[in-house]
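Take a look at the letters that make up each chain.
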8 protein chains.
Amino acid sequence: MMRDYLAELFAKIATEELSFVEAAELFQKEYRNSETLGFAVPDFSRAERCGFPEVIFGHGKTMEQICAIAKSLREKTGGVVLATRLAPEAAAALMRDFPDAKQNELARTVTIGEAPALPCAKPVLVISAGTSDLPVAEEAGETLLALGCLTEKIYDVGVAGLHRLLRHEAKLREAVAIVVVAGMEGALPSVVGGLVGCPVIAVPTSVGYGASFGGVAALLGMLNTCAAGVTVVNIDNGFGAASAAARIVRTAAN
Amino acid sequence: MMRDYLAELFAKIATEELSFVEAAELFQKEYRNSETLGFAVPDFSRAERCGFPEVIFGHGKTMEQICAIAKSLREKTGGVVLATRLAPEAAAALMRDFPDAKQNELARTVTIGEAPALPCAKPVLVISAGTSDLPVAEEAGETLLALGCLTEKIYDVGVAGLHRLLRHEAKLREAVAIVVVAGMEGALPSVVGGLVGCPVIAVPTSVGYGASFGGVAALLGMLNTCAAGVTVVNIDNGFGAASAAARIVRTAAN
Amino acid sequence: MMRDYLAELFAKIATEELSFVEAAELFQKEYRNSETLGFAVPDFSRAERCGFPEVIFGHGKTMEQICAIAKSLREKTGGVVLATRLAPEAAAALMRDFPDAKQNELARTVTIGEAPALPCAKPVLVISAGTSDLPVAEEAGETLLALGCLTEKIYDVGVAGLHRLLRHEAKLREAVAIVVVAGMEGALPSVVGGLVGCPVIAVPTSVGYGASFGGVAALLGMLNTCAAGVTVVNIDNGFGAASAAARIVRTAAN
Amino acid sequence: MMRDYLAELFAKIATEELSFVEAAELFQKEYRNSETLGFAVPDFSRAERCGFPEVIFGHGKTMEQICAIAKSLREKTGGVVLATRLAPEAAAALMRDFPDAKQNELARTVTIGEAPALPCAKPVLVISAGTSDLPVAEEAGETLLALGCLTEKIYDVGVAGLHRLLRHEAKLREAVAIVVVAGMEGALPSVVGGLVGCPVIAVPTSVGYGASFGGVAALLGMLNTCAAGVTVVNIDNGFGAASAAARIVRTAAN
Amino acid sequence: MMRDYLAELFAKIATEELSFVEAAELFQKEYRNSETLGFAVPDFSRAERCGFPEVIFGHGKTMEQICAIAKSLREKTGGVVLATRLAPEAAAALMRDFPDAKQNELARTVTIGEAPALPCAKPVLVISAGTSDLPVAEEAGETLLALGCLTEKIYDVGVAGLHRLLRHEAKLREAVAIVVVAGMEGALPSVVGGLVGCPVIAVPTSVGYGASFGGVAALLGMLNTCAAGVTVVNIDNGFGAASAAARIVRTAAN
Amino acid sequence: MMRDYLAELFAKIATEELSFVEAAELFQKEYRNSETLGFAVPDFSRAERCGFPEVIFGHGKTMEQICAIAKSLREKTGGVVLATRLAPEAAAALMRDFPDAKQNELARTVTIGEAPALPCAKPVLVISAGTSDLPVAEEAGETLLALGCLTEKIYDVGVAGLHRLLRHEAKLREAVAIVVVAGMEGALPSVVGGLVGCPVIAVPTSVGYGASFGGVAALLGMLNTCAAGVTVVNIDNGFGAASAAARIVRTAAN
Amino acid sequence: MMRDYLAELFAKIATEELSFVEAAELFQKEYRNSETLGFAVPDFSRAERCGFPEVIFGHGKTMEQICAIAKSLREKTGGVVLATRLAPEAAAALMRDFPDAKQNELARTVTIGEAPALPCAKPVLVISAGTSDLPVAEEAGETLLALGCLTEKIYDVGVAGLHRLLRHEAKLREAVAIVVVAGMEGALPSVVGGLVGCPVIAVPTSVGYGASFGGVAALLGMLNTCAAGVTVVNIDNGFGAASAAARIVRTAAN
Amino acid sequence: MMRDYLAELFAKIATEELSFVEAAELFQKEYRNSETLGFAVPDFSRAERCGFPEVIFGHGKTMEQICAIAKSLREKTGGVVLATRLAPEAAAALMRDFPDAKQNELARTVTIGEAPALPCAKPVLVISAGTSDLPVAEEAGETLLALGCLTEKIYDVGVAGLHRLLRHEAKLREAVAIVVVAGMEGALPSVVGGLVGCPVIAVPTSVGYGASFGGVAALLGMLNTCAAGVTVVNIDNGFGAASAAARIVRTAAN
């Protein structure tokens, strides 16, 4: 996009819409659209490029780094700031520093500010196979909220008791996209994918033991689904699945 | 859906819209919506449930089985029939049996009949990283065609020469969804995902050698993408990625 | 069991039921219950110990070795002889050498003689998820036949079209045990296991590609089933699943 | 089974056994046979479908969730409630809340109430290869008890000292089914499977180090057993093996 | 050893046992103790260092290369020459070029010349679990022969029929070392290791299918043996196991 | 061996060396040669069968269990008792309960009593590649001591500084067997195996990080050694390597 | 670099060095620096960016595609064209189409034209551990030649006979960089890396069997080298190692 | 090198430059160039052989061992001493014992003394993809400093926001070598490798979760890079990458 930007400046100078000085200033401003904090370079133009702002992945960052990045993003973009995979202390620090922050303990997220709702009447549906999958499902839910998506949830409807899922068939059919969160053998997305025509995003979770290998069994099951058109994200990646759903909502809303 | 169907019959009998005999006949018909060929049970109601008909996965089926299933689907649904992963002889048999069949040798597909175009003005974009990824990219392309999706293609634009991709930035921005096909390290979807806001579906290919482990390196790279909201399908699964894109097109078209 | 046998001889000599000479002869006979063919030691007493005779695993043995072992087993035990995983030439050789042999090409088996039916009125049910799983399902079927078990089959009822399975619910409930054969994500045993109370034996198949890793995805899915009490055998091991089912039938028949 | 239920209502209305109002009430009741606790949907009809009630898998659930599910199951089904993989605090909480609960610390289980004995005179035998396999073997034992199965145990009889096992050959022959628990190379089920004709269920344990890879070596050994008809469950899954054995007992008892 | 050699020359010059010219010539000769054939550098002094000559690993070498190396080794060392993993044409070429060569087709070996017997009265015992393991067991046998070791063989005595092994207990006890060859679950070395006190070398074979992963299951089983002091070589490495046994025989013979 | 024993009794009764009563008593005694502690069945006859007594693997056993087994073995066999993989508290408990116990903290072992020296003049040599491999090397050393083997040690002589190893060439040549302990790439056994003719037992350690995968890299390196006749034990299994060396020493000493 | 180029055009227009028309023409030319052949987009500016031209990876491309890309590269860049991993027919086609082409059958390469020598007096040294590693070593050699690097080779000097390598120590010390090619346990780079101070690039090969897993053992060994500063490329990637060495030569030559 | 040294002594005695006594003394001194601390043998001649001194890998060594090795190296070589992977207490102990030590907490290193700058005007560039990769990038930086290399750093410029990297293109082009540190999908080295002609060393980090498998995804991505000539070191091995870069700097500086 740097190319486009320069081509545009180039054209505007050619048509005398801009002087060289003005072009230079604009060029500088473009260079300021990410800021160096020393340890991090927040990407302020991501919302413009990708439709949603940079999100803070809390794992492996110090409390101080997280708060500094949040402050930088909040000030420069003015938009909602979402932080995921937060240790309790990091979440507490954000709650203290930002009066309008909201925390979801189960999801391990903090959201600062509120996103404008995307203009799409149909909800994204988040389904979980078991109670132990809730942290991942809730991370997806919080991310969808932060990205302005209407969201509904159906929890604990795994394939060993099919009637629990089938009773919600109407809701399944109304969704713009479905995020299906499952551990163990990860069979739920195949069943859901065979029942509906909307996009289905499968999230394997690390729930299980022994030969689940931390979610690998569920991941492989989902990649090998016999239901055509189910796509998959990384193990426990509720955030990624919600981001993919939001890309679909934006596309559908346009 | 059997539940819904029975509940509906139940209601209609209650309101005397249907006699018991009529209900029984309708019930029978519902039971005929998949047919047993002995070795296979084609699923005629899939298009109604999922928005697209059952597709014949040619691998591991005999030439005779493939032709029989194609005939059954073609007769009962009247819609387009797509067969993928065809051995040359199986493709030849289909071409011989169905006068309106079209073959794509590179993609290893045969398509019988033509799909009505989905009402979506924006194309699905299929991008490949290298020349060796073409069979998978072409399978995606043929599937999109069979599902009625407008499609465009950009091939051989891997990350070792970024300018080859960046020159197509305008096209990237116009797509309703992008299917990115890449082998080796599978880095292209991350770069594409960081440039656009629409859904990006990554297809790892088995192109590579040594520690590519038949596409595992690319698969893992795509699952671990740093670009939020990129989703992944199985290795070499061009069909699955196209099906996922078609789910998005249908959602966007509604 | 050698111990028991010797203890018994020991006791009989003590009570003078047997002379030393007689005991020595019996001891010799026990030693003849496996015979050395040089390259192989057929286990003639297996039927007595385990309830079914030794089966010839054809893979990795020459045509001559297979025929010699079959001859030895047939002569010494007088019972049914089953050979599995046969190359076409080995199957042809057995068909030529044994007039009462029957071949199943799809299953790659040859059965010589006929087994007496086990006294159990309820059938073992063999279910397959897809058409490509048939060779494994048929190997299970032939093995059950050779072991004297009443058998029924339901093929191509994978989870992407649940109604195909649910229509057979009555049959599911009548089985003494169910062998469920599935490749790809291997989700079918979980669904079946949640519907019935009888023993369910899951057989992963190598059907699939890419991240199915030759059946590993299905295997892991089945090992991680959320349906309590589903057990698993090796990939493509239709023979093993049928043997396990026959153990159940014998136990139930006693 | 929803289908069967509706078909039955449908038939009863047709024969005027039921009025529409009564049918509607029964339909409602069916819908109440699982209850939403928000975080969980206990499956009250599982005992009817599968022969045994839902069991609470304690891992990854909070103390409060476990107690609430136990209370719900106990009240609605009236039957025995088993909770496995309990942290010490969760076990203590159940012991405090339920006066008739019994705890097995080694097995990490709590059982509330008592199961009616299944009408089968032969015991299920639980065998362990080593002392370190006891927690898994005990989990199997407690599950069998909770499912009403007669149970016997033989511990620490690994293959490096065969005489320790062979001395119990009589007991081996009397069992209706045998659960064999082993870590390290997991060879014990092969030896047991070669000695008896009843069903043998192998449980690999995570006992071992280095190239045991948390039980994978034992798991692979068991899946590749040369003893025909041995089936396998997930690593450390004593509960699953016992559930499979109980399915066999019920089948044999019918 | 170069150091020792130079130190020795150094000492002999010092004591005037050698002139400088003589030392230089000896030094040159040492440098000639391996010869460059361009594509290969046969190691003539290996027998002196390690007790046995270099062996030609035929896999991945051309027929011409194998014959040239064999000729070079035969001429320079005068000892027995063993070639393993030979394609049929390479074996034929050696048989043609060397009148005193002997071929073992099953073992895929050719031996040229005869080794002097090592002075050890007790044999090395080679045991195989199944008929399909014979090629590996025979490779071990031919190697032992070429290294001058007294050898005995017991084949097809796998753990599913323990009595077949136990009958040979006396032979087991007489061996100086035992090579145990087994595929599938690889349990035989554990049982043997628990019966005898001599060194036991386990050779996993690639015999098996599905989750045997080309011998990995057997390899892991053997590495995790519960029988103390069993050691393991690479999958299908009959040559390596025999070499290890020969190291033991030489040590015992000294 | 039970068979031999009974056969022997049988023969002695036949020749009237034994009365029936005496035979029965001897038979009973044989049955007492392992004792059930409830949680464990110590194997008292192992020394007789395998040449060394059962060793207590401390991992996964409670302090109480370890002390009880030690007491049982010490009383019944009278020989040396070795316990490995001891938690500090378990080691302390043994030191408290047995006045003649000796602890090696680095090796995590306790030895009770002293073994008679095996009649072999040549030492077993234990070599380690790095300082971090010492716990495993020391476990090997303590085991050799407990088994009565003369032992020498050379530590920290990895292949990145070859001269450190080569200086010890004389010692390498004097050993009856060499245990080589190495982590990371595990190359040291290949180099040692190429320098000597005696048996070389390689022990991979879990020393390393990243792609060492807890010792897998070293394990694979050792299994693929280009030095003929090097054998391998499990990762970190100093005990197993020493046991294998002791089997060699006993064979050489006979 | 597009950015730099545009910035430069921008600056030249500003200083009136270029007219808009001229700038537009230059911009167009830049866009022509890769050419679309439909199936491929040769990257003509790679030599300028990275110091060496694009190389044709022959695997997975048709004979026609390879010849067309070679023609396009040869015409547009005028420089040397290297094609690797060629099937015999593809190599023959190139030899037929290009009179100045040279083929290396062992390396599976064809080189068209000749590269100017890089100004560096010291050679790159290519070392192989065994005869079977030659195809990979020769691919490295041909690539170095095509990139203008002075090259020397030492073959078959694996670690099981250290004196074969040590005799070349002088040559090792003279190299500007060393490419070390080894299969099996891959220990040679560690030994070389401990002897010299220049850059050492390790190439694992797929030479080996069983637990070499197609070169994985060698790859892991090299990644875990105890010799500081050894770097690694993909399995069998002689081309990549040579490219890395050429990058070093160019850096050293500047 | 021992060989060279002895050959040299040998020559000097021959030419009477040295007496035998003097030669013996020199020989002794050579033998002192590594010193045995009991648990460790510091390699004093490594700087002479490889161009840089031995570095203390702190992981798995006690505080006392680390200080003793540091003292030994510092005294005998007089050069800079670097210790990596230090626990906080070990770092504190070194800081206390050596007044001129400097600690980098993030990098977990301590450096004692200062290295003379290598005569190379161009810097080594260290690039990281994300903030979480900093510990590894800093370890590389500290190592480069300790080895006397001019160093520059660019952090947090991952591929999801390409403009952050492209803005530094000038710096990329000035480097003598580039160390690229990245976790997750590890795509950054491919992009950098396609932009520059200097050596690029890729360091995968364990940053990521789920299917990153502790850095395996990044490692595989880097090994399969489509950018020719990128080499790779072990996961998290900043030290190794810096050592490789220093080998390049020394080669370039000569």
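In this text, all values refer to a predicted model and were calculated from it rather than measured experimentally. (Residues numbered from 1 in each chain as written. Chains lettered and ligands numbered in written order. Predicted model: local features only at pLDDT ≥ 70, side-chain atom pairs only at ≥ 80, totals over all residues. Heavy atoms only, no water.)

A. Layout of the interface of chain B and chain H. Listed as interface residues are 21 residues of chain B and, on the opposing side, 22 residues of chain H. Run the count over chain B and chain H and you get 10 residue pairs in polar contact (both at pLDDT 80 or more). Listed by contribution, the elements that provide at least two residues to the side of chain B that touches chain H are helix 9 (188-193) and helix 10 (216-223) of chain B. Among the elements that line the side of chain B that touches chain H, the one with the most residues is helix 10 of chain B, at 4 residues. (Contact = heavy atoms within 4.5 Å. Polar contact = N/O pair within 3.5 Å; in protein donor to acceptor, adjacent residues only side chain to side chain. Helix = DSSP H or I, 4+ residues; strand = E, 2+ residues; numbered from the N terminus.)

B. A look at the packing of aromatic side chains. Under the defined criterion, the tally for this structure stands at 8 aromatic pairs over all chains. Between Phe57 of chain A and Tyr209 of chain H, the aromatic rings sit 5.7 Å apart at their centres with planes inclined by 25°, giving stacked as the arrangement. Separated into two different chains, Phe57 of chain A in strand 1 (residues 56-57) and Tyr209 of chain H in the loop between strand 8 (200-204) and helix 10 (216-223) make up a pair that spans both. For Phe57 of chain A, a relative accessible area of 22% translates into the label partly exposed. The aromatic ring of Tyr209 of chain D is capped on one face by Arg85 of chain F, whose charged end is 4.2 Å from the ring centroid. (Phe/Tyr/Trp six-rings, centres within 6.5 Å; stacked < 30°, edge-to-face > 60°. Buried < 20%, exposed > 50% of the residue type's maximum accessible area, 1.4 Å probe, protein only. Lys NZ or Arg CZ within 6 Å of the ring centre and 35° of its normal.)

C. How the structure looks around the domain arrangement of chain A. Residues and elements named next belong to chain A. Domain annotation for chain A reports domain 1 (34-112) and domain 2 (124-253). Taking the mean C-alpha position of each, domain 1 and domain 2 sit 25 Å from one another. Of the roughly 1,200 Å² buried where domain 1 meets domain 2, counting both sides, 62% is carbon and sulfur surface. Interface area lost by domain 1 to domain 2 is led by Phe52, Arg85 and Leu106, which between them contribute 40%. One can count 1 salt bridge joining domain 1 with domain 2. Note that Glu139 and Arg85 form a salt bridge whose closest N and O atoms lie 3.1 Å from each other. (Domains from an automatic or database assignment. Buried area = accessible area lost by both parts, 1.4 Å probe. Salt bridge = Lys/Arg side-chain N within 4 Å of Asp/Glu carboxyl O.)

D. Region of interest: the environment of Leu195 of chain F. Mapping Leu195 of chain F onto the fold places it in the loop between helix 9 (188-193) and strand 8 (200-204). As for Leu195 of chain F and Glu169 of chain F, which are separated by 26 residues in sequence, their C-alpha atoms are 8.1 Å apart.

E. Just the sheet that holds strand 1 (residues 56-57) of chain H, in detail. Residue and element names in this part refer to chain H. If you walk across this open sheet you meet the 4 strands as 1-2-4-3, and the pairing is mixed. Single-partner strands in this sheet number two, and they are strand 1 and strand 3 (101-104). Packed onto the sheet, helix 6 (residues 134-146) meets strand 2 (81-84), strand 3 and strand 4 (109-112) and runs at close to 10° relative to strand 4. (Pairing = 2+ DSSP bridges. Axes fitted to C-alpha atoms, helices over the stretch in contact; angles between N-to-C directions.)

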